[in-house]
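Chain by chain, the residues run as shown.
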Amino acid sequence: MKTQTPGTAAGTDATQLKRVLGTPSLTMFGLVYMVPLTVFTTYGLVTVSTGGRVAAAYIVTLVAMLFTARSYARMAGAYPLAGSAYVYTQRTFGPETGFLVGWALMLDYLFLPMVNYLVIGIYLNVAIPAIPAAVWVLVCIALVTVLNIVGITSVNRTNLVLIAAQAIFVVVFIVFTIAAMNGQAIDIMAPFRGDGSEAAGSSGALLGGAAILCLSFLGFDAVSTLAEEAKDAERTVPKAIMIVTLAAGVIFVLLSWLAQVAHKSTQFADPDSAATEVMTAVGGTFLATLFTACYVAGALGSALTSQASVARILYSMGRDGVLPKPIFGRLNERFKSPATATLVVSAVSLLALVVDLAFIISVVSFGALIAFTFVNLSVIKHFYFDRQERATAWQHVNNGLLPLIGVALTVWLWTSLTPTTFAAGGLWVLLGAVVLAIVTKGFRQRAPMLDLKES
């Protein structure tokens, strides 16, 4: 099955995305997806569980994520195509395995917009009680859908505004924390040493907190879904993936360190809303209100970028023929965007009106961890075995040891998942297997693959 391959003239085929994004735009997309202010979503929980060592836990998490981010960067350079882990696994382990990994990854991408819509509805309903949360959810779904259909350029421009709002808050927060610390005895190592409690002396508590914080990094892989809309994708996409991961990690460490130094308490009335207590203590009602506004803006940006990502995964699978091509494998003629796939994602997002937030959060990492595992394994198979790049000591390390460490760290993260998560994720994968059985006529045929002979 042949389709237009990347790199040909834009607009010559119904399956050709427009290459308009450079490294700065790709980096901005990844940072908006990850929401820099997400550090405050789990701040209270991790502060309590680690005995005040959130910054230290983020450093552990950053190190773990850099190995997997590096594997994504290498595979993005090898296969600069839309589809992320789906394409990488498909190319290295075969179309059937690729389909199931892509299907599992969709669980993460499909649920993340719902998380953002729900959070926006909750926060804005608190700020303006007269307007029900459901109204905010519907308005945001409509806005995000229109922006994504218009095309990736509109998403990129909106990203600039949303990341600017968060950047302004970060600057204001830094100023307020410095002012709050003025004249006080500051222990700069407290966020790494802890509060002296039993949790602060436990390496298990630190690693457990780091596992929770891995959710903050879900998004660097989203950059790879834009490979067919990137200029010089073999170079820009891998570079953006690494920049996003490192930059987000530094921001998370800095903000959590500042929060702990400025507001030393490790006990909160409600750990889930600890950020509000921190903001009020540091900067009063003004800072708490500004935080809410910027956090909502960040959640809107994350919904925008996550919907763009999953629409492109659906488009990639539809273009290959493993999902109905007339629905998912076509682009809007005017905007050159996967409009139908975007509308399908929006329809799924309407579940945010009826599904419980706790349930959505409990399964959002399931698909991502499957993808992380197989992308690390793909590096080993593609470079170490298929291309046999193992003649030197460095190639053994680069193509074997480093991605193997990424696999081990990802397996460790699996230990943090709950039985509910495994049950929900397992049912989703089972549904994917049923779809695959239908596509392959009872596994008697190979699953379709994109023809890359002209690439």
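Residues numbered from 1 in each chain as written. Predicted model: local features only at pLDDT ≥ 70, side-chain atom pairs only at ≥ 80, totals over all residues. Heavy atoms only, no water.

Caption draft 1: Spatial organisation of the overall build of the chain. Along its length, the chain carries 17 helices and zero strands. Here the C-alpha radius of gyration of the chain, 22 Å, is about what a compact globule of 455 residues would show, namely 23 Å. Each of the three principal axes of the chain carries a C-alpha extent, and together these read 70 × 60 × 40 Å. Long-range contacts, defined here as pairs at least 24 residues apart, represent 82% of the contacts in the chain between residues at least 6 apart. For the chain, the accessible area works out to roughly 17500 Å², and carbon and sulfur atoms hold 69% of it. In the chain, the 26 positive side-chain charges and the 21 negative ones have mean positions that sit 10 Å from each other. (Helix = DSSP H or I, 4+ residues; strand = E, 2+ residues; numbered from the N terminus. Rg over C-alpha atoms; globule rule 2.2 N^0.38 Å. Contact = heavy atoms within 4.5 Å. Areas by Shrake-Rupley, 256 points an atom, 1.4 Å probe, with all protein chains shown as cover. Lys, Arg positive; Asp, Glu negative; His and termini not counted. Charge placed at Lys NZ, Arg CZ, Asp CG, Glu CD.)

Caption draft 2: Structural view of the confidence of the model for the chain. With 92% of its residues at a pLDDT of 70 or more, the chain shows a mean pLDDT of 83. Note that residues 1-13 has pLDDT below 50 and, in this model, 36 contacts with residues that lie over four places away or in other chains. (pLDDT = per-residue confidence, 0-100.)

Caption draft 3: Inspection of the pattern of salt bridges at higher detail. Within the structure shown, the criterion is met by four salt bridges. When the shortest N-O distance is used, the salt bridge between Arg235 and Asp232 registers 2.8 Å. A relative accessible area of 46% places Arg235 in the partly exposed class. On the basis of relative accessibility, which here comes to 43%, the residue Asp232 falls in the partly exposed class. (Salt bridge = Lys/Arg side-chain N within 4 Å of Asp/Glu carboxyl O. Buried < 20%, exposed > 50% of the residue type's maximum accessible area, 1.4 Å probe, protein only.)

Caption draft 4: The packing of aromatic side chains, seen in detail. By the definition in use, this model includes 18 aromatic pairs. For the ring pair Phe169 and Phe291, a centre distance of 5.7 Å and an interplane angle of 55° mean the geometry is tilted. Taken together, the residues Phe169 in helix α7 (residues 152-181) and Phe291 in helix α11 (residues 274-320) connect sequence positions 122 residues apart. The same class applies to Phe169 as to Phe291, namely buried. Cluster of aromatic residues (ring-pair linked, three or more members): Phe40, Tyr43, Phe169, Phe173, Phe268, Phe291 and Tyr295. The cationic tip of Lys381 hangs over the ring face of Phe93; the distance from NZ or CZ to the ring centre is 5.8 Å. (Phe/Tyr/Trp six-rings, centres within 6.5 Å; stacked < 30°, edge-to-face > 60°. Lys NZ or Arg CZ within 6 Å of the ring centre and 35° of its normal.)

Caption draft 5: Seen up close, the packing of helix α3 (residues 54-78) against helix α10 (residues 233-262). Where α3 meets α10, the closest approach of the two axes is 9 Å, and the angle between their N-to-C directions is 175°. Here α3 is positioned roughly antiparallel relative to α10, judged by the angle of their axes. Its residues assigned to classes, the contact of α3 with α10 shows 19 nonpolar, four polar and two charged. (Axes fitted to C-alpha atoms, helices over the stretch in contact; angles between N-to-C directions. Parallel < 35°, antiparallel > 145°, perpendicular 65-115°, else oblique. Nonpolar A, V, L, I, M, F, W, Y, C, P; charged D, E, K, R; others polar.)

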